[in-house]
Amino acid sequence: WWGLNDNIRTATRRLAGPGYRALAVDLYRGATAQTPDSAQALMQRAMSRTDQVLANLQAAHDHLRTETGAPRVAVMGWCFGGGRTFDAVAAAPTQYDAAVAYYGAPGAMTADILTETTTPTLAHFGRKDQAVSLETARAFRSRFEEAGAEGDIYFYDAGHAFANPSGESYVPDAADQAWSRTTAFLERHLYR
């Protein structure tokens, strides 16, 4: 939502700490937002070129596999990036070894995609989220379970962006629990 800002750089370093090859993907072509209005404009611009966004994510995957020699690759994102995480899995259902989405819109994860995908998926949603409604998240969980998809979906007593320590909606307990679940999930699927 805000772009490749200091918060995302910190999260990337946090992932690299345990030894992951972490790559922060810039979906806004170098721009970052300082206000909700500018973030909305950047997001809309990116969504008007979804094929380029997906190509960027594909290039990041390929870079990690070929240039860094990563034996397994996950895709992960928060908010707008969480939605793009779902889009990446939908575009390449068997390519990723894991996917983690924090409060992202799961519209791309149709019943057909969920049946086809081999990507274990972890999703975190807030029960009080105004951007991705509880009904939307629950409908996704129903599709996920009906398809027998691999992974977990968690709900927290929090709103949207509950894991963003630089935001006004930050809920430390929920963020810590989600991060613990994320690191355990990544360890399980990337360190086989």
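Colleague: Which residues make up the overall build of the protein chain, and what values do they have?
Modeller: A tally of regular secondary structure across the protein chain gives 7 helices and 4 strands. The secondary structure elements of the protein chain, listed N-terminal to C-terminal, are α-α-α-β-α-β-α-β-α-β-α. Radius of gyration (C-alpha) of the protein chain: 15 Å, near the 16 Å computed for a compact globule of 192 residues. The C-alpha extent of the protein chain, read off along each of the three principal axes, is 40 × 35 × 35 Å. Partitioning the contacts of the protein chain with sequence separation of at least 6, the portion at a separation of at least 24 is 63%. Roughly 9,600 Å² of accessible area belongs to the protein chain as shown, and the carbon and sulfur atoms make up 48% of that amount. Averaging the positions of the 18 positive and the 21 negative side-chain charges in the protein chain gives two centres separated by 3 Å.

Colleague: How would you explain helix α1 (residues 6–16) if you had to name every residue and give the values?
Modeller: Since there are 3.6 residues in each turn of an α-helix, residues three or four apart along the chain are aligned in direction. Where α1 is concerned, the buried positions are Asn7, Ala11, Thr12 and Leu15. Each buried residue of α1 lies within a common arc of 140° when the element is viewed along its axis, so the set occupies one face. Opposite the buried face of α1, at more than 90 degrees from it, the exposed residues are Asp6 and Arg13. With a side-chain oxygen positioned 3.1 Å from the backbone nitrogen of Asn7, the residue opening α1 is Asn5.

Colleague: Could you give an account of the packing of helix α3 (residues 50–67) against helix α4 (residues 80–91), naming the residues involved and the relevant values?
Modeller: The contact between α3 and α4 brings their axes to 10 Å, and the two run at 80°. The angle between α3 and α4 places the two elements in the roughly perpendicular class. Residue-level inspection shows Val53, Leu54 and Leu57 of α3 in contact with α4, the latter providing Arg84, Asp87, Ala88 and Ala91.

Colleague: Can you tell me about the pattern of salt bridges, naming the residues and giving the values?
Modeller: For the coordinates displayed, the defined rule picks out 5 salt bridges. For Asp97, the salt bridge goes to Arg65, with nearest N and O atoms at 2.9 Å. With Asp97 in the loop between α4 and β2 (98–102) and Arg65 in helix α3, this residue pair connects regions lying 32 residues apart in the sequence. Under the relative-accessibility criterion, Asp97 is labelled buried at 18%. Taking the shortest distance from any N to any O, the salt bridge between Arg188 and Asp152 comes out at 3.7 Å. Of this pair, Arg188 sits in helix α7 (residues 172–190) while Asp152 sits in strand β4 (residues 151–156), and the two are 36 residues apart along the sequence. Take Arg188: its relative accessible area is 45%, and that puts it in the partly exposed class. Since its relative accessible area comes to 28%, Asp152 is described here as partly exposed.

Colleague: Give a detailed account of the sheet that holds β2, specifying residues and quantitative values.
Modeller: Pairing is parallel across the open sheet formed by 4 strands, whose spatial order is β1-β2-β3-β4. Each edge of the sheet is formed by a strand with only one pairing partner; in this case those strands are β1 (74–78) and β4. Along the sheet, successive strands turn relative to each other by an average axial angle of 5°, direction set aside. When strand β3 (residues 121–126) meets β4, the two strands line up parallel, connected through 6 bridges. Looking at β4, one finds that Ala123 is bridged to Ile153. Sitting on the sheet, α4 is in contact with β1, β2 and β3, with an inclination near 150° to β1. Along the sheet face, helix α6 (residues 134–147) touches β3 and β4 and points at about 160° away from the line of β4.

Colleague: Talk me through the nonpolar core; I want residue IDs and the actual numbers.
Modeller: A general feature of soluble globular proteins is that nonpolar side chains tend to end up buried together. The biggest cluster of nonpolar side chains holds 33 residues, and the ones touching the most others in it are Phe86, Met109, Phe125, Phe140 and Ile153. Broken down by secondary-structure element, the contributors of at least two residues to this core are α2 (36–47), α3, α4, β2, α5 (111–116), β3, α6 and β4. If we ignore the near neighbours within four places in the chain, the residues touching Phe140 are Phe86, Pro106, Met109, Leu114, Ala123, Phe125 and Ile153. Ala11, Leu15, Ala158 and Ala163 belong to the second-largest nonpolar core, a separate cluster that totals 22 residues.

Calculation notes
- Residues numbered from 1 in each chain as written.
- Predicted model: local features only at pLDDT ≥ 70, side-chain atom pairs only at ≥ 80, totals over all residues.
- Heavy atoms only, no water.
- Helix = DSSP H or I, 4+ residues; strand = E, 2+ residues; numbered from the N terminus.
- Rg over C-alpha atoms; globule rule 2.2 N^0.38 Å.
- Contact = heavy atoms within 4.5 Å.
- Areas by Shrake-Rupley, 256 points an atom, 1.4 Å probe, with all protein chains shown as cover.
- Lys, Arg positive; Asp, Glu negative; His and termini not counted.
- Charge placed at Lys NZ, Arg CZ, Asp CG, Glu CD.
- Buried < 20%, exposed > 50% of the residue type's maximum accessible area, 1.4 Å probe, protein only.
- Arc of directions from axis to C-beta.
- Polar contact = N/O pair within 3.5 Å; in protein donor to acceptor, adjacent residues only side chain to side chain.
- Axes fitted to C-alpha atoms, helices over the stretch in contact; angles between N-to-C directions.
- Parallel < 35°, antiparallel > 145°, perpendicular 65-115°, else oblique.
- Salt bridge = Lys/Arg side-chain N within 4 Å of Asp/Glu carboxyl O.
- Pairing = 2+ DSSP bridges.
- Core = buried A, V, L, I, M, F, W, Y, C linked by side-chain atoms within 4.5 Å.

Without other data, these values stay purely geometric and don't point to any function.
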